[in-house]
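Secondary and tertiary structure notes
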Amino acid sequence: MRIAIVGCGFVADYYMSTLPAHPELELIGVADRVQERAQKFSNYHKVKAYASLDELLADPQVEIVLNLTNPRNHYEVSKAALEAGKHVYSEKPLAMEMKQACELVELAEQKGLQISSAPCSLLGETAQTIWKALRENAVGKVRVVYAEMDEGLVHLMPFKKWASESGTPWPYKDEFEVGTTIEHAGYVVTWLPAFFGPVESIYGFSACLIPDKVPGEPLVPHSPDFAVAVLRFSSGIVARLTCSLIAPHDHSLMIVGDKGVMRTDDTWFYTAPVYTRKSFNLLRKHIEIPWKFKYKLVSKGERYKYRGVQQMDFSRGPAELATAITEGRPSRLSARYSLHINEIVLAVNNALDGGGVYHMTTTFDPPEPVNWSK
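Summary of the structure given here. Everything quoted here is computed from the prediction, not taken from an experiment. (Residues numbered from 1 in each chain as written. Predicted model: local features only at pLDDT ≥ 70, side-chain atom pairs only at ≥ 80, totals over all residues. Heavy atoms only, no water.)

Pro-119 follows Ala-118 through a cis peptide bond whose omega is 0 degrees. Structurally, Pro-119 can be placed in the loop between strand 5 (115-117) and helix 6 (125-135). The linkage connecting Val-220 with the following residue, Pro-221, adopts the cis geometry, with an omega of -5 degrees. Locating Pro-221 in the fold gives a position in the loop between strand 7 (199-207) and strand 8 (226-233). Phi at Asn-137 takes a positive value of approximately 60 degrees, unusual for a residue other than glycine. Relative to the helices and strands, Asn-137 is located in the loop between helix 6 and strand 6 (142-150). Using a relative accessible area of 39% as the deciding quantity, one classes Asn-137 as partly exposed. (Helix = DSSP H or I, 4+ residues; strand = E, 2+ residues; numbered from the N terminus. Buried < 20%, exposed > 50% of the residue type's maximum accessible area, 1.4 Å probe, protein only.)

Here's what the structure looks like:
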C-alpha cells in the first residue's frame, strides 16, 4: 500500500524509525507547508519531497495519506485528502472540534474511504495481552480502572534542546497550547472502550495550573495541564483518568476485579510487562497476595531495535489500516472508534473547572483483537 506523509515535523521521525518493520507500506513521498522543512526531511531520509500538498494529493500513486501535521491543521488536511479520494491515517486527534471530526467521518463514509486515528497503542503487545487476560477472566469481574498519564514538570525540563532524529526541534509552543490531555490521554484512553465497551458519560475537571510555562512567550490559549475524569462505560465499569504536566512521570494502568488486580507500569511501551495479583479472604479482610505473577505477553514475533518513546510502534496504525483496506474490512481503529476516542478526549479536556456530567453522543462496532498466529 503506497503512502505519503504530510507534515515533516518532530513526530514524523518516529514513524520513519518504525516503518522498516512494515514492508506492507511503501513510502513514496512527503510534503510540508514549510518547503525547507520538507526538503530537510527528504534529504535525511532519502525520500521524494512534493512541492505542495496539492501536488501530493494529485499523485494517483498515493493511496493513504499520513496526516502528521499540527493538531490544529488535522481537519483541513484530512478533509482535503478525503476529497482527493485518499484514505487517511491521522495523528491524534481527528480534529480539535467534534463537529469537524464528525464531518471527516461522514465524508469518508460517503466516499467509501477509511479514516483512522492515532494513537495505535491498542495494537501493541501490552494492550493485547491485557485484553486477552480480561477475556480469560484473569481478575474476575472488573469493577474499576485507574489510568494515569502524568508527564512530570515538563516546563522545567530542557525542552528547547529536544530534537528529533533528523534535527527538528520539539514544538513546545504547539504542545503547550494544544494541551497534554489532547496530546497524551489517547495513549491509554484508546485501550479502554475496546476492553469495556463504549463510554456513556464523563464527569471531568480540568485546569491550567501553570499558565507561564515559557516566560516571555505567551501561550494562546492556556490549555489544561491538569485533568481528572471519571468515565462510566456501557458495561457498568468505571474508570478514573488523570492527565497532567505536573505530577511525576506515571503511565500506569490498574484494573481491579473481584479476584485480583492487573497492572502494567507504562502504557507507552508496547512490550511493558503485565502483572496480576490474586486476592483472597483472610479473617475479616479481603486482601491481595504479597507477590505478583507476570502474565505472558502475546507476541508479534519481533524485537524492538530502539529505545525510549520510539518503543511505541507508530507505523503499526497505518499498517493496520493498509491491511484492513486490502482485506476489505474496517480497521481495528475504525472511523467510528476513532471518533469515539476523539469525543472522550475533548470532553475531558474541555471540562474547565468542572463541567458537570457530559453524555457521550458517539458509539462504534466492537473491534476485534489482533491475531498474530495467522
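That shown, we press on.
Of the two faces of strand 10 (residues 253-257), the one holding Leu-253, Ile-255 and Gly-257 is buried and the one holding Met-254 and Val-256 is not buried anywhere. With five bridges connecting them, strand 10 and strand 11 (residues 260-264) associate as antiparallel partners. Note that in strand 11 the partner of Gly-257 across the bridge is Gly-260. Hairpin connection between strand 10 and strand 11: a loop of two residues separates the two successive antiparallel strands. (Pairing = 2+ DSSP bridges.)

With that settled, consider the packing of aromatic side chains. The full count for this structure, using the stated rule, is 14 aromatic pairs. Three or more aromatic residues joined by ring pairs form one cluster here, namely Trp-131, Trp-191, Phe-195, Phe-196 and Phe-233. Over the ring of Tyr-146 we find Arg-240; its NZ or CZ atom is 4.2 Å from the centre of that ring. When the ring centre of Tyr-275 is taken as origin, the NZ or CZ atom of Lys-292, which lies over that ring, is 4.0 Å away. (Phe/Tyr/Trp six-rings, centres within 6.5 Å; stacked < 30°, edge-to-face > 60°. Lys NZ or Arg CZ within 6 Å of the ring centre and 35° of its normal.)

With respect to the helices, strands and loops of the structure, Val-345 is situated in helix 12 (residues 335-349). Put simply, Val-345 and Gly-186 are 159 residues apart on the chain and 6.9 Å apart in space, counted from C-alpha to C-alpha.

Moving on to the sheet that holds strand 1 (residues 2-6). Strand order in the open sheet formed by five strands is 2-1-3-4-5, and the pairing between neighbours is parallel. What marks the edges here is a single partner per strand, and that holds for strand 2 (26-31) and strand 5. Neighbour to neighbour, the strand axes of the sheet diverge by 20 degrees on average, direction disregarded. Looking at chain direction, strand 4 (residues 87-90) and strand 5 are connected through three bridges and run parallel. Within strand 5, the residue paired with Ser-90 across the bridge is Ser-117. (Axes fitted to C-alpha atoms, helices over the stretch in contact; angles between N-to-C directions.)

It is the contact of helix 5 (residues 98-111) with helix 12, at a shortest axis distance of 10 Å, that shows an interaxial angle of 180 degrees. Here helix 5 lies roughly antiparallel to helix 12, going by the angle between them. In contact with Met-98, Ala-101, Cys-102, Val-105, Glu-106 and Glu-109 of helix 5, helix 12 contributes Ala-335, Arg-336, Leu-339, Asn-342, Glu-343 and Leu-346. Across the contact of helix 5 with helix 12, the residue classes break down as seven nonpolar, one polar and four charged. (Parallel < 35°, antiparallel > 145°, perpendicular 65-115°, else oblique. Contact = heavy atoms within 4.5 Å. Nonpolar A, V, L, I, M, F, W, Y, C, P; charged D, E, K, R; others polar.)

Oppositely charged side chains are able to pair whenever their charged atoms sit close together. In this structure the tally under the stated criterion is 19 salt bridges. Between Lys-173 and Glu-177 there is a salt bridge whose closest N-O contact spans 2.6 Å. Taken together, the residues span about one helical turn, with Lys-173 and Glu-177 both in helix 7 (residues 172-178) at a distance of four residues. Its salt-bridge partner being Glu-327, residue Arg-329 comes within 2.7 Å of it at the nearest N-O pair. Under the relative-accessibility criterion, Arg-329 is labelled partly exposed at 22%. One continuous salt-bridge network, built from bridges that share partners, spans Arg-72, Lys-173, Asp-174 and Glu-177. (Salt bridge = Lys/Arg side-chain N within 4 Å of Asp/Glu carboxyl O.)

Here we come to the nonpolar core. With 112 residues, the main nonpolar core has Phe-195 and Phe-196 as its most contacted residues. Take this core: its biggest share by element is nine residues, from helix 12. Beyond its immediate chain neighbours, meaning those up to four positions away, Phe-195 contacts Leu-122, Ala-127, Ile-130, Trp-131 and Leu-134. (Core = buried A, V, L, I, M, F, W, Y, C linked by side-chain atoms within 4.5 Å.)

Here the focus is the side chain of His-87. As for its placement among the helices and strands, His-87 is situated in strand 4. Look at His-87 and you get buried, because its relative accessible area is 13%. If near-sequence neighbours (up to four positions away) are discounted, His-87 is found in contact with Glu-63, Ile-64, Val-65, Gly-112, Leu-113, Gln-114 and Ile-325.

This next bit is on helix 2 (residues 35-45). Of all the positions in helix 2, only Ala-38, Phe-41, Ser-42 and His-45 are classed as buried. End-on view of helix 2: buried residues confined to an arc of 100 degrees, all on one side of the axis. Contacts from the buried residues of helix 2 go to helix 1 (12-18) and strand 2. Just downstream of helix 2 lies Lys-46, where phi reads positive at about 55 degrees. (Arc of directions from axis to C-beta.)

Remember that the coordinates give geometry; whether it matters functionally is a separate question.
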